[in-house]
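So the chains spell out like this:
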Amino acid sequence: MTTGDGLRVLHLVTAREIFFDQQIETLEKKGVDCTVCVVPGAEQIDGDMGSRRGVKEYLQFWPRVRRELRRGEYDLIHANYGLTAPYAVTQFRLPVVLTLWGSDVVGFDGLVTKACAWRADAVTVRSQEMRELLGYGNAYIIPSGVDLDRFRPIDRDEARKRVGWDQEGTHVLFPYSPDYERKNYPLAQRVVERVELELDEEITLQTISGVSHAEVVYYINAADAMLLTSEHEGSPNTVKEALACNVPVVSTDVGDVRERLDGVEPSGVGDTREQLVEVLCTVLRSGKRSNGREVVCEVSWDQIGDQIINIYQTV
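Just so it is clear, the model here is predicted, and its values are computed rather than measured. (Residues numbered from 1 in each chain as written. Predicted model: local features only at pLDDT ≥ 70, side-chain atom pairs only at ≥ 80, totals over all residues. Heavy atoms only, no water.)

Draft legend 1. Focus on the pattern of salt bridges. Counted by the stated rule, this structure contains 16 salt bridges. Ionic pairing is found between Asp224 and Arg160, a salt bridge with its closest N-O pair at 2.7 Å. Of this pair, Asp224 sits in the loop between helix H8 (213-222) and strand S9 (225-228) while Arg160 sits in helix H6 (residues 156-163); the two residues are 64 residues apart in sequence, bridging distant segments of the chain. The exposure class assigned to Asp224 is buried, which follows from its relative accessible area of 15%. By relative accessible area, Arg160 is classed as buried at 2%. Taken together, the shared-partner salt bridges in this structure form one network comprising Asp256, Glu259, Arg260 and Glu298. (Salt bridge = Lys/Arg side-chain N within 4 Å of Asp/Glu carboxyl O. Helix = DSSP H or I, 4+ residues; strand = E, 2+ residues; numbered from the N terminus. Buried < 20%, exposed > 50% of the residue type's maximum accessible area, 1.4 Å probe, protein only.)

Below, the structure written as structure tokens:
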């Protein structure tokens, strides 16, 4: 196991997403002293990496970062999400690690990211797709990890009782709120409607919103399959969490999903609605759980933490 004893790291972040907090917890367990500095207004954001905040909040972040740099004796700065990069690369005393999450390599956020990435001492992305979109061939590919202790197979009947779903029938889980635009819930609806016709059975498309992360494991295990229809992703944790529960996954070809599902049966990726329908039909006809847990072990948080600390030591 790699240890980060003695390393003091200042983390800049737009919002405290669950996977970010898991990353911090992992690093601290391995001996890294982590201080987190968050863009103002994060508590008002629900699942949007902080990009809904305006110029005011990001201007307020500038003196906050500078005060922290004067107050603490840090070995390096770890900027998490591209919009935090300007605050890291405009100081010239400490090395900078920049971690990108997915949507920060496209659109306006992508412009900010690309303007700053070349100034960082190391850049990490979630997938090869992200590295190509960024146009930075030296970026490390490090997916976010999965908590294998929390996400584990649970008896489906027990899980359905816990979340209040009907014990009978077929349940497909869309693991986000229907209002989360980038996740493309309307496509999930169209896919499930077609699958109902193909299989001549009623299918309930379930969603998650306002549920604690500790309860998500029960929703995943209650499902016959998970369906992702996102327009773009980095390394979606929901996929890895489903794999850790041995629940089949059907997804659009985004981020590192194809790589994560390599060797997982039954599961699959579709480039079009028709392909998603075909894969989901195959998964539901099989009626089986997947072998995902044995495949996803390679991206446990313990291993991901070691990779991050190795980068810290390199820079």
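Draft legend 2. Highlighting the confidence of the model for the protein chain. Of the residues in the protein chain, 96% reach a pLDDT of 70 or more, and the chain-wide mean stands at 92. Between residues 44-51, whose pLDDT stays under 50, and residues either more than four places distant or in other chains, the model counts 22 contacts. (pLDDT = per-residue confidence, 0-100. Contact = heavy atoms within 4.5 Å.)

Draft legend 3. Expanded view of helix H2 (residues 55-71). Spanning 17 residues, H2 covers 25 Å between terminal C-alpha atoms, matching the ideal 24 Å at 1.5 Å per step. Those residues of H2 not exposed but buried are Tyr58, Phe61, Val65, Arg66, Glu68 and Leu69. Along the long axis of H2, the arc covered by the buried residues comes to 160°, so they all point the same way. Residues of H2 that are exposed and point more than 90 degrees away from the buried face comprise Lys56, Leu59, Arg70 and Arg71. The inward-facing, buried residues of H2 contact strand S1 (8-13), strand S2 (33-38), strand S3 (76-80) and helix H3 (85-89). (Expected span 1.5 Å × (residues − 1). Arc of directions from axis to C-beta.)

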